[in-house]
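Descriptive analysis of the structure
Now for the letters of each chain:
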Amino acid sequence: MRLYAVVAAGGFRRYATYRIATVAGVFTNTVFGFIMAYTYIALWDERPQLGGYDMSQALTYVWLGQALLMTCAMMGGGFEDELMERIRTGDIAVDLYRPADLQLWWLAGDLGRAAFHLLGRGIVPMVLGALAFDLALPGSFWTWPAFLVSVLLGVVVSFAVRYLVALSAFWLMDGAGATQVVGLAGLFFSGMLLPLNLFPGVLGEVARMLPWSSLLQVPADVFLGKHTGWGLVEAYAFQAGWALALLTAGRFVQVLATRRVVIQGG
């Protein structure tokens, strides 16, 4: 485990070197946060308590979305392009023969990336949002660690989805199309545009059951106190269930890909 801790730390340091990009990202998140906040204000003025949120909770949801956009990679980003390039060039064969698990290696690096984005691009927009608007911040200290656990599970789910997409490059000529489709799905079904509670009928039920809801909707509801007691346990179980299922699927695809590499190499 020490190896993967070092990889995670390396992932954190890697993204920490892009200081100008981080400042630009903070600025972008903040600007979009204000745009969406005033949009939500207009919407909630017409429909108070929409989706079970009051105005303050709705605005908090906006700024949580900006804080977690890059942390949970809702639109993709991170390791996928690099991994697909290694698959395309054949360098992945070297990775598969290393004395380290391929999936855990990339997961550790992505956790380091997520930790940096949470600190580097998450805190500042959230603080600015709290200064500009009346946000519904947790009244209990224990809500904060409960929220961070949910964010961690969301990051793992996000990684597992993107890992599967990256491995598709073993069979596709170009994985860019799959990456774009999954990125759009993540943006829509995570609740980034609108809380999934606002989606009507069957669409809302399906959206809340998809893995992307683990990226924003579930952590936001934990932060807003919508999940407490056994409800919190169920929320964690939902996220952990998707993480386990998707990681297992990634492991299976990885085995198939390894066999493919061995056969071609032989």
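You'll find the structure just up there.
Presented here is an overview of the structure given in this document. (Residues numbered from 1 in each chain as written. Predicted model: local features only at pLDDT ≥ 70, side-chain atom pairs only at ≥ 80, totals over all residues. Heavy atoms only, no water.)

**Structural notes on the packing of aromatic side chains**
To keep things clear, this is the line we draw: Aromatic contacts are taken between Phe, Tyr and Trp rings whose centres are within 6.5 Å, Trp giving its six-membered ring; a plane angle under 30 degrees counts as stacked, one over 60 as edge-to-face, and the others as tilted. Comment: elements are numbered from the N terminus, with helices defined as DSSP H or I runs of at least four residues and strands as E runs of at least two. Only protein chains enter the calculation, and the probe is 1.4 Å; a residue is then buried if its accessible area is under 20% of its type maximum, exposed if over 50%, and partly exposed in between.
In total, this model carries 18 aromatic pairs according to the counting rule given. Ring centres of Phe 159 and Tyr 163 lie 5.4 Å apart, and the angle between their planes is 25°; this geometry places the pair in the stacked category. Separated by four residues within a single helix, Phe 159 and Tyr 163 lie in helix α7 (residues 143-167), roughly one turn from each other. Note on accessibility: Phe 159 and Tyr 163 belong to one class, buried. Each member of the aromatic cluster is reached from another via a ring pair, and the members are Phe 34, Tyr 38, Trp 63 and Phe 133.

**Brief notes about the nonpolar core**
So the rule is basically this: Throughout, nonpolar core names a set of buried Ala, Val, Leu, Ile, Met, Phe, Trp, Tyr and Cys residues whose side chains join them through atoms within 4.5 Å. Working rule for contacts: check all heavy atoms of both residues, and any pair within 4.5 Å makes them a contact.
By size, the foremost hydrophobic cluster in this structure holds 70 residues, and its most contacted members are Met 74, Leu 83 and Tyr 163. Top element by residues in this core is α7. It accounts for 14 residues. Apart from the residues within four sequence positions on either side, Tyr 163 is in contact with Phe 79, Leu 83, Leu 102, Gln 103, Trp 106, Gly 250 and Gln 254. Val 7, Ala 8, Ala 100 and Ala 108 belong to the second largest nonpolar core, which has five residues in total.

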